[in-house]
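# Summary of structural features
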Amino acid sequence: MMRRVRACHTLLRRAFSVATYRLAKDIPKDVPRERMSMLKAINNALDIALATDQKAMIFGEDVKFGGVFRCSMDLNSKYGTDRVFNTPLSEQGIAAFGIGLAAVGYTAIAEIQFADYIYPAFDQIVNEAAKFRYRTGDQFHVGGLTIRTPCGAVGHGGHYHSQHPEAYFCHTPGLKVVCPRDPIQAKGLLLASIRDKNPVIFLEPKALYRNAEDDVPTGDFNLELHVSDVVKEGKDITLIGWSTQIRVLMEAAAMAEKDGISCEVIDLQTLYPYDGETLIKSLNKTGRCIISHEAPVTCGLGSELAAILQEKCFLRLEAPLLRICGYDTPFPMSHEPLYLPDKWKIYDGIKKTMNY
């Protein structure tokens, strides 16, 4: 009985001690902070997840030694091999093991070493994890499962180390898909994803692991899922993206500002289920919109966003919605700069849309 009472007290302390903010900009300025890269912020989030949840486990290829990008560095020595451990080279097995752990009440934090290699696990994720709650009539679920995976272009990855596969999973009811743009978002959204009672695919833009830095709150906090972030307010055109593409949109917006064009930049953050309300509000204000992502344009998430926005904002549109995305080809190696939707393509799209 006393053990149960102590467990309840622990849960209550945790519930009342973890701050949850709608957006990173809502975090008080005076909270303790530390300069962190995105890699360090993710490591810090994983450390907190393990420290605050005794049922949390981290596993995947090489995570015991820190992983290929060192996101789980030092966690094995701190929490032991029972909680931070390597798996065989089997993405299907990693996902299936995570589903099993989550099904019996554990917090399973799985790592797929590269998003390009998540496809062998596709059946387990889409047919098992996503549908577990539905097919048991909500008697059981695997909401404790979070799958982290590095994604996106990195300058030299080629077609097996550069993909951004969000669209495949955004087509699957029962999953949540999240992708941060900066260290603060990475920490807060990852902790929220781990604690959410639904399986989450957490996509980490690997190009930002060491290139993105910010003053990150050192304490435990969550950022709300399903909330888009208006990174920059504007009145003439709405630019929508996520991941590393937010930096590209901001660069293009700065170029357009010199021409007197005011751009509103929105980071989707949670890709599915997405926050349509913020997007609709912005487009009703500006009347123009560009959606941009690294993944191929055809059937990409931008297609869904364009469809819902023209449906909801049709009478407010001043120009057709424009998608500026990766090409419909395998991700190239030497031609990566030509493939990516860079700031010049976005800038040209802004001028085209404004002059329509």
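Our structure is the block above this text.
Residue positions are given per chain, counted from 1 along the sequence in the order it is written. This being a predicted model, a pLDDT of at least 70 is required before a residue's local features are given, and a value of 80 or more before pairs of side-chain atoms are given or counted; all residues contribute to the totals for chains, interfaces and linings. Each side-chain value is derived from all of the structure's non-hydrogen atoms; neither hydrogens nor water enter the calculation.

### Focus: the layout of surface pockets
Empty space among the atoms becomes apparent when a probe as large as a water molecule is rolled across them. The calculated volume of the second largest pocket comes to roughly 390 Å³. Every residue lining the second largest pocket is counted, 20 residues in all, and those nearest its centre are Y119, Q163, Y168, A295 and P296. Counting only elements with at least two residues in the lining of the second largest pocket, the list comes to α7 (166-170) and β15 (289-296). Helix numbers and strand numbers start at the N terminus; a helix is a DSSP run of H or I with at least 4 residues, a strand a run of E with at least 2. The element that contributes the greatest number of residues to the lining of the second largest pocket is β15, accounting for three residues. Its residues assigned to classes, the lining of the second largest pocket comprises 11 nonpolar, seven polar and two charged. The way it works is a 1 Å grid over only the protein atoms, where trapped points that fit a 1.4 Å probe form a cavity and open points with protein on both sides within 12 Å along at least five of seven lines form a pocket, and then any residue with an atom within 4 Å of a point lines it. Grid points are joined across faces, edges and corners, and a volume is the space filled by probe spheres set on the points. Gly is placed with the polar residues, together with every amino acid not listed as nonpolar (Ala, Val, Leu, Ile, Met, Phe, Trp, Tyr, Cys and Pro) or charged (Asp, Glu, Lys and Arg).

### Things to note about the packing of helix α9 (residues 245-257) against helix α13 (residues 343-354)
Running from amino to carboxyl end, α9 crosses α13 at an angle of 50°, the nearest separation of the two axes being 8 Å. By the criterion of interaxial angle, the relationship of α9 to α13 is oblique. Two packed elements cross with a definite hand, and for α9 against α13 that hand is right-handed. Every residue of α13 that contacts α9 at Q245, V248, L249, E251, A252, M255 and A256 is listed here: K343, W344, I346, Y347 and I350. Counted by class, the contact of α9 with α13 contains nine nonpolar, one polar and two charged residues. Helix axes are fitted only over the stretch in contact, all axes being lines through C-alpha atoms; the angle between N-to-C directions runs from 0 to 180 degrees. Should an angle lie under 35 degrees it is considered roughly parallel, over 145 roughly antiparallel, and from 65 to 115 roughly perpendicular; all remaining angles are considered oblique. Note: crossing handedness is left-handed where the near helix turns anticlockwise from the far helix by less than a right angle, and right-handed where it turns clockwise. Contacts: residue pairs with any heavy atoms within 4.5 Å of one another.

### Thoughts on empty space enclosed by the protein
Enumeration according to the criterion identifies two cavities of 30 Å³ or more in this entry. As a volume, the largest cavity reaches approximately 40 Å³. Surrounding the largest cavity, G66, G67, V68, F69, R70, C71, E111, R148, P150 and Y209 form its lining. In terms of residue class, the lining of the largest cavity is made up of five nonpolar, two polar and three charged. Approximately 30 Å³ is the volume attributed to the second largest cavity. Contributing to the lining of the second largest cavity are H164, W242, S243, T244, Q245, S292, H293 and E294. Top element by residues in the lining of the second largest cavity is β15. It accounts for three residues.

### Digging into the sheet that holds strand β11 (residues 229-232)
One bridge is not enough; two strands pair if DSSP finds at least two bridges between them. The mixed open sheet is built from five strands, whose spatial order is β11-β13-β12-β15-β16. In this open sheet, the two strands that pair with only one neighbour each are β11 and β16 (322-326). With direction set aside, neighbouring strand axes in the sheet form an average angle of 25°. Bridge count between strand β12 (residues 237-241) and β15: three bridges; the pairing is parallel. Opposite T238, over in β15, you have C289 as the bridge partner. Docked against the sheet, helix α11 (residues 301-313) engages β12, β15 and β16, running at close to 160° with respect to β15.

### Description of the nonpolar core
Among the nonpolar cores identified, the biggest contains 44 residues, and F59, I125, I147, F169, I201, L271 and L305 are the most heavily contacted of them. For L271, the contacting residues outside a window of four places in its chain are E166, C170, V177, V178, C179, L203, W242 and L301. Core analysis: the next-biggest nonpolar cluster, separate from the first, contains 40 residues, L46, L189, A192 and Y209 among them. The nonpolar core is taken to be a set of buried Ala, Val, Leu, Ile, Met, Phe, Trp, Tyr and Cys residues, with the residues joined through side-chain atoms within 4.5 Å. Residue burial is assigned from relative accessible area. The probe radius is 1.4 Å, only protein chains are included, and a residue is buried under 20% of its type maximum, exposed over 50%, and partly exposed in between.

### Here we look at the environment of V18
Take V18: it is sitting in the loop between α1 (2-17) and β1 (19-21). Among the residues examined, V18 registers a relative accessible area of 16% and is labelled buried. C-alpha of V18 to C-alpha of N222: the two residues are 204 residues apart in sequence and 7.3 Å apart in space. Dropping the residues within four chain positions of it, V18 is found in contact with R195, D220, F221 and N222.

### Examining the environment of A212
One can find A212 in the loop between β8 (200-205) and β9 (213-217). Since its relative accessible area comes to 0%, A212 is described here as buried. In this structure the C-alpha to C-alpha distance between A212 and I184, which are 28 residues apart in sequence, comes to 10.0 Å. For A212, the contacting residues outside a window of four places in its chain are M36, S37, M38, D182, P183 and R247.

### Observations concerning helix α4 (residues 91-103)
Between its first and last C-alpha, α4 extends 18 Å over 13 residues, near the 18 Å set by a 1.5 Å rise per residue. Among the residues of α4, E91, I94, A95, G98, I99, L101 and A102 are the ones counted as buried. What you see down the axis of α4 is that its buried residues fit within an arc of 165°, all on one side. Among the structural elements, β3 (56-60), β5 (107-111), α5 (122-129), α6 (132-135) and β6 (145-151) are those in contact with the buried residues of α4. One or two positions beyond α4, positive phi appears at G105, with a value near 100°. Each helix should span, by expectation, one fewer than its residue count multiplied by 1.5 Å. Directions are taken from the helix axis to each C-beta atom, and the arc is the one they span.

### Considering the pattern of salt bridges
In what follows, salt bridge is the name for a side-chain nitrogen of Lys or Arg lying within 4 Å of a carboxyl oxygen of Asp or Glu. Overall, the coordinates contain 18 salt bridges when judged by the stated rule. Residue K25 is joined to D229 by a salt bridge in which the shortest nitrogen-to-oxygen separation is 2.9 Å. Of this pair, K25 sits in the loop between β1 and β2 (33-37) while D229 sits in strand β11, and the two are 204 residues apart along the sequence. On the basis of relative accessibility, which here comes to 2%, the residue D229 falls in the buried class. Among the salt bridges present, the one from K78 reaches D47, with a minimum N-O distance of 3.0 Å. You can see K78 sitting in helix α3 (residues 75-79) and its partner D47 sitting in helix α2 (residues 38-52), a full 31 residues away along the chain. Within the structure, one salt-bridge network assembled from shared partners comprises K25, R181, D182, D229, R247 and D267.

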